[in-house]
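Secondary and tertiary structure notes
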Amino acid sequence: MEIKEIKTVQLNVPSSGSSQTPARRPSWAADAEVANPMSKYPQYKRHRSSWMPNWGVVYVKVTAEDGTWGLGQTSFGRPVAAIIDDHFAPMLVGESCFAVEKISDMMFRMSKPYGSLGLTACAMSGVDLAIWDLIGKIKDQPVYELLGGAVRDKLFAYATGNDTDWQIELGFEAVKLACPYGPTDGLWGLQENEKLVDQTRQLVGDNVEIMLDCYMAFDVEYTIRLAERLRPYKLKWIEEFLIPEDMDGHVQVRRALDWVSLASGEHLYTRWPFKQMIEKRCLDILQPDVFWVGGITECVKICHLAEAAGLTVIFHGGGLHQYGLHLSAAMPNTPWVEYFVGSPPGVPLSETRQIEGETIPEQSWIKPNSGPGFGLHIEEEWLTPFWD
Ligand SMILES: [Mg+2]
């Protein structure tokens, strides 16, 4: 069956009209300071929203010649939509909609003149996810079956965010903190970071795992100093401490810190930098993002590379959507998923999801749905052209 059309779209889900439970307080995500790569510039330090682009979600609709359609998703708005609509779409119409490897390879190769990483890999992801959804709908099977069948019927979900008390109330048994301060905050920042981890350990006790996400904010020296300071609190892992391009820095941190697990990868694109990270044994846990790295097809390759090296993959944000859940259910080395909790404490997680077919964690465990494709109930009339 051939691909008849590929185009970017917006998704407008009608409001359910049901009232929402009042929040007890605003979410941590609204105002909490999070150390980041721009923290060194005082005018942009306070909040990441002060320097992030206003590029929103891009949905991709791929339609087969019989009219069946699949929906993919990615980030970073207009530049990504332009790569898809101006370049990838006209080249891929007429290809077999089952040829996921060929289409993935074509997108990677045809983007060589302007680069295949970053925004291009996001564009690749949107198209690839739509094709997997389309194949599932044509074959009337969930994507985890297309990937070889479920390895596990439920996935352990950890919570990300700094409303730890609420996450514990929701039943999560592992929590990840966003680290507030970095090198420009000096000794005071080190003390404050330790205080946050100390208070969190006191709050959750010894039977809940704690992780620390550093969002590319540190250098080698700061990473080692902070990690040594936090050693008594038995972190499960330290995440994304350096900018992703600093391969030698990762090697240096690994040599210095052989007693704590190191995780990263949400800002690595395609399997190629993952291959290098694996070969250099820099990381224990790889965290590709299925919306950004190149889609399901690329993630499967990363999982297999990691498996051959005895490493674990935990997809960035992988518990928050069916794309990551179907993938994580089917891969051999993906036992955990990340569930970002950015909604305000007091509002049940079920009220934060809009689309029928989305699933939520219960007591730290979550399942993918079993519908065809990614199993989401989306009406075709909810899709409108992206470029309006
Ligand atoms: Mg992260």
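Note that this is a predicted model, so its numbers are computed, not measured. Per chain, residue numbering runs from 1 following the sequence as it is written. This being a predicted model, a pLDDT of at least 70 is required before a residue's local features are given, and a value of 80 or more before pairs of side-chain atoms are given or counted; all residues contribute to the totals for chains, interfaces and linings. With hydrogens and water stripped out, all remaining heavy atoms of the structure feed into the side-chain values.

1. Considerations on the packing of aromatic side chains
Two aromatic rings, drawn from Phe, Tyr or Trp (for Trp, its six-membered ring), form a pair once their centres lie within 6.5 Å of each other, and the interplanar angle then sorts them: stacked below 30 degrees, edge-to-face above 60, tilted otherwise. Per the counting criterion, the structure on display carries 14 aromatic pairs. Considering the side-chain rings of tryptophan 237 and tryptophan 336, the 5.8 Å spacing of their centres and the 50 degrees angle between planes classify their relative orientation as tilted. With tryptophan 237 in strand S7 (residues 237–239) and tryptophan 336 in strand S11 (residues 336–340), the pair connects residues that are 99 residues apart, well separated along the chain. Connected via pairs of aromatic rings, a cluster forms that spans Phe156, Tyr158, Trp237, Trp336 and Trp365. Criterion for a charge above a ring: Lys NZ or Arg CZ within 6 Å of the ring centre, and within 35 degrees of the ring normal. A cation over a ring is seen here: lysine 112 above phenylalanine 108, with NZ or CZ 4.0 Å from the ring centre. Its guanidinium or amino end placed over the ring of phenylalanine 98, lysine 139 lies 5.2 Å from that ring's centre, counting from NZ or CZ. In this text, helices come from DSSP runs of H or I with a minimum length of four residues, and strands from runs of E with a minimum of two, each type numbered from the N-terminal end.

2. Observations regarding helix H11 (residues 322–330)
Residue exposure (1.4 Å probe, protein chains only): buried if accessible area is under 20% of the type maximum, exposed if over 50%, otherwise partly exposed. Of all the 9 residues making up H11, 9 are buried; the element is thus mostly covered by neighbouring parts of the structure. Turning to H11, its buried residues number three or more, namely Gln322, Tyr323, Gly324, Leu325, His326, Leu327, Ser328, Ala329 and Ala330.

3. Quick notes on unusual backbone geometry
In most cases, non-glycine residues show a negative phi, while peptide bonds are predominantly trans. Despite not being glycine, tyrosine 215 has its phi angle at roughly 40 degrees, a positive value. By the element assignment, tyrosine 215 lies in the loop between strand S6 (209–213) and helix H7 (220–230). Of note in the backbone geometry, serine 364 takes a positive phi value of approximately 75 degrees without being a glycine. Mapped onto the elements of the fold, serine 364 is located in the loop between S11 and strand S12 (365–366). Residue classification places serine 364 among the buried positions, given a relative accessible area of 1%.

4. Describing the domain arrangement of the protein chain
The start and end points of each domain follow an automatic or database-based domain assignment. Here the protein chain is partitioned into domain 1 (3–140 + 378–385) and domain 2 (146–366). Averaged C-alpha coordinates put domain 1 and domain 2 at centres separated by 21 Å. Residue contacts follow a heavy-atom distance rule, with two residues in contact if any of their heavy atoms lie within 4.5 Å. Listed by partner, the interface residues are 47 residues for domain 1 and 46 residues for domain 2. Once two parts are joined, some of their accessible surface, as seen by a 1.4 Å probe, is lost; buried area is that loss totalled over both. Where domain 1 abuts domain 2, roughly 3,800 Å² becomes buried across the two surfaces, and 60% of that area is made up of carbon and sulfur atoms. Each salt bridge in this description consists of a side-chain nitrogen of Lys or Arg and a carboxyl oxygen of Asp or Glu lying within 4 Å of one another. At the surface where domain 1 touches domain 2, the tally comes to 5 salt bridges. Between arginine 25 and aspartate 165 there is a salt bridge, and its shortest N-O distance comes to 2.8 Å. Nitrogen and oxygen atoms within 3.5 Å of one another constitute a polar contact, given that in protein one can donate a hydrogen and the other can accept it, and given that sequence-neighbouring residues count only through two side-chain atoms. Where domain 1 touches domain 2, the interface holds 25 residue pairs in polar contact (both at pLDDT 80 or more).

5. Comments concerning the pattern of salt bridges
The tally for this structure, following the rule as stated, stands at 19 salt bridges. Measuring nitrogen to oxygen at the nearest pair gives 2.5 Å for the salt bridge that ties lysine 45 to glutamate 33. With lysine 45 in the loop between strand S1 (3–11) and strand S2 (58–64) and glutamate 33 in the loop between S1 and S2, this residue pair connects regions lying 12 residues apart in the sequence. Pair check on accessibility: lysine 45 and glutamate 33 agree, each one buried. Residues joined by salt bridges that share partners form a network here, namely Arg25, Asp163 and Asp165.

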